[in-house]
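This is what each chain is made of:
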Amino acid sequence: MSADRPLVAPEPRRNADGTTSVLTRDAGIVRVTCPSWCFVEHGYRVPPAKAEITHRSEPVWALADTDEQGPTSLVEVSLVQWPYSDRDAVFLGVQTDDGFLEFGPAGARQVATALREHADHIDTMAAQLMNLRAGEDQ
């Protein structure tokens, strides 16, 4: 194999005991036991470091089905965990303009509060739109 081509990871192997065997670049074969909420198959394009093995729940999108745009995805959240890293706790993963960010329970509640406050602001703006379109408040 050429030194300039990355090693392609083999497909993960499902074991009879329900675990998955993943080839890592630093620890060889690792047998991964997934929590009930993990939906990933643990296939990686290149062999990950053991600490990069990731559990992730199925992403859930806040969706708006609008007359103007139809179904539109707004924000994605999922559970995420790196079980073999020094950050092995489960986090709420949120896809944002700043990238994919992870939050603990307190941060997750703060995100939920911010989204509720933003929804209230959007409702206020919707009322303003109605007034503007009716020719009021110009």
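I will try to describe carefully the structure that is included in this document. (Residues numbered from 1 in each chain as written. Predicted model: local features only at pLDDT ≥ 70, side-chain atom pairs only at ≥ 80, totals over all residues. Heavy atoms only, no water.)

1. Digging into unusual backbone geometry
Here is step 1: For H42, which is not glycine, the phi dihedral falls at a positive 65 degrees.
Here is step 2: By secondary structure assignment, the location of H42 is in the loop between β3 (28–32) and β4 (55–56).
Here is step 3: The exposure class assigned to H42 is buried, which follows from its relative accessible area of 3%. (Helix = DSSP H or I, 4+ residues; strand = E, 2+ residues; numbered from the N terminus. Buried < 20%, exposed > 50% of the residue type's maximum accessible area, 1.4 Å probe, protein only.)

2. Details of helix α1 (residues 105–133)
Here is step 1: In a regular helix each residue adds 1.5 Å, so 29 residues correspond to 42 Å; α1 covers 42 Å between its end C-alpha atoms and thus fits that length.
Here is step 2: Of the residues trailing α1, G135 is marked for its positive phi of about 90 degrees. (Expected span 1.5 Å × (residues − 1).)

3. Thoughts on the pattern of salt bridges
Here is step 1: Scanning the model with the defined rule gives four salt bridges in all.
Here is step 2: For E52, the salt bridge goes to R25, with nearest N and O atoms at 3.3 Å. Taken together, the residues span a long stretch of sequence, with E52 in the loop between β3 and β4 and R25 in the loop between β2 (20–24) and β3 at a distance of 27 residues.
Here is step 3: Linking E102 and R87 is a salt bridge whose minimum nitrogen-to-oxygen distance equals 3.2 Å. Separated by 15 residues along the polypeptide, E102 in strand β8 (residues 99–103) and R87 in the loop between β6 (70–81) and β7 (91–96) bring together distant segments of the chain.
Here is step 4: In this structure R87 comes out as partly exposed when scored by relative accessible area, which is 37%. (Salt bridge = Lys/Arg side-chain N within 4 Å of Asp/Glu carboxyl O.)

4. A short note on the sheet that holds β2
Here is step 1: The antiparallel open sheet is built from three strands, whose spatial order is β1-β2-β3. The open sheet has two edge strands, β1 (13–14) and β3, and neither has a second partner.
Here is step 2: As defined by bridge partners, β2 adjoins β3 across five bridges and the pair is classed as antiparallel. In the strand pairing of β3, T20 is matched with V32. (Pairing = 2+ DSSP bridges.)

Shape descriptors only; they carry no functional weight alone.
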